[in-house]
Amino acid sequence: MKHMEIFEQAMCCPTGLCGPSIDPELLRVSTVLDTLKQHGIDVGRYNLTSAPLKFVQTKAVTDFLQHHGPEDLPLILVDGAVQFAGRYPTNDEFASLIGFDPAILEAAQAAGESCCCGDAPAEPESSSCCCGGDCK
């Protein structure tokens, strides 16, 4: 199985799903990654705030940042090679990049199976973080 890594701009928490208004694209990506994890596919997800060392340790990322800067993130690597920069892959592109059935993602999104914090329900009205906890 291919290994995918996603490197994102600095965010308040690991998923970026915090605050009063949640970016629908970040929610979609979190749903995709949760679904992949449920099917045994591990995708590394890192942002500048929560995992700066991973950015420094990954040559393709340091090279990219030296030429483009963090405003051009996200950066998507598959097996260490840059596949996308500046946007997230579509569901079909995710499927193609790591070799799985895209219908899995479509079914999960239609069912609304994901929350940014695993199985816990979203609680945006009670907290600035989707799961009622602190974004650290």
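See above for the structure.
Residues numbered from 1 in each chain as written. Predicted model: local features only at pLDDT ≥ 70, side-chain atom pairs only at ≥ 80, totals over all residues. Heavy atoms only, no water.

Before going further, it helps to spend a moment on the side chain of S30. Looking at the element boundaries, S30 is found in helix α1 (residues 24-38). At 2.9 Å, the side chain of S30 forms a polar contact with the side chain of R45. (Helix = DSSP H or I, 4+ residues; strand = E, 2+ residues; numbered from the N terminus. Polar contact = N/O pair within 3.5 Å; in protein donor to acceptor, adjacent residues only side chain to side chain.)

Taken as a whole, this structure holds two aromatic pairs when the rule is applied. Where F7 meets F55, the ring centres are 5.1 Å apart and the plane angle is 85°; that geometry is what we call edge-to-face. You can see F7 sitting in strand β1 (residues 4-8) and its partner F55 sitting in helix α2 (residues 52-57), a full 48 residues away along the chain. By the burial criterion, F7 is buried, and F55 matches it. A network of ring pairs unites the aromatic residues F7, Y46 and F55 as a single cluster. (Phe/Tyr/Trp six-rings, centres within 6.5 Å; stacked < 30°, edge-to-face > 60°. Buried < 20%, exposed > 50% of the residue type's maximum accessible area, 1.4 Å probe, protein only.)

Take the nonpolar core next. Within the largest apolar cluster, 21 residues are counted, with the highest numbers of intra-cluster contacts made by M4, I6, L36, V43, F94 and F100. At the level of elements, β1, α1, β3 (75-78) and α4 (91-98) are the ones that each hand at least two residues to this core. Considering every element that reaches this core, the biggest residue donor is α1, with five residues. Residues contacting M4, with those up to four places away along its chain left out, are D42, V43, G44, I76, L77, V78, F94, L97 and I98. F7, Y46, A51 and A60 belong to the second largest nonpolar core, which has 10 residues in total. (Core = buried A, V, L, I, M, F, W, Y, C linked by side-chain atoms within 4.5 Å. Contact = heavy atoms within 4.5 Å.)

Backbone torsion omega between L73 and P74 reads 15°, so that peptide bond is classified as cis. Relative to the elements of secondary structure, P74 occurs in the loop between α3 (59-67) and β3. One non-glycine residue, D79, adopts positive backbone phi at about 50°. Looking at the element boundaries, D79 is found in the loop between β3 and β4 (81-85). You can call D79 exposed: its relative accessible area is 52%.

Every buried residue of α3 is accounted for by A60, V61 and F64. The buried residues of α3 occupy an angular sector of 95° when the element is viewed end-on, so they sit on one face. What points out from α3, more than 90 degrees from its buried face, is the exposed set K59 and Q66. Buried residues belonging to α3 abut β1, α2, β3 and β4. (Arc of directions from axis to C-beta.)

Another point: the packing of α1 against helix α5 (residues 102-111). A pair of packed helices can be characterised by two numbers: the angle between their axes and the separation between those axes. One can describe the packing of α1 onto α5 by two numbers: an axis separation of 10 Å at closest approach and a directional angle of 120°. Judged by the inter-axis angle, α1 sits oblique to α5. Relative to α5, α1 is oriented so that their crossing is right-handed. Across from R28, T31, V32, T35 and L36 in α1, the residues of α5 making contact are I104, L105, A108 and Q109. Grouping the constituent residues of the contact of α1 with α5 by class yields five nonpolar, three polar and one charged. (Axes fitted to C-alpha atoms, helices over the stretch in contact; angles between N-to-C directions. Parallel < 35°, antiparallel > 145°, perpendicular 65-115°, else oblique. Left-handed = near helix turned anticlockwise from the far one by under 90°. Nonpolar A, V, L, I, M, F, W, Y, C, P; charged D, E, K, R; others polar.)

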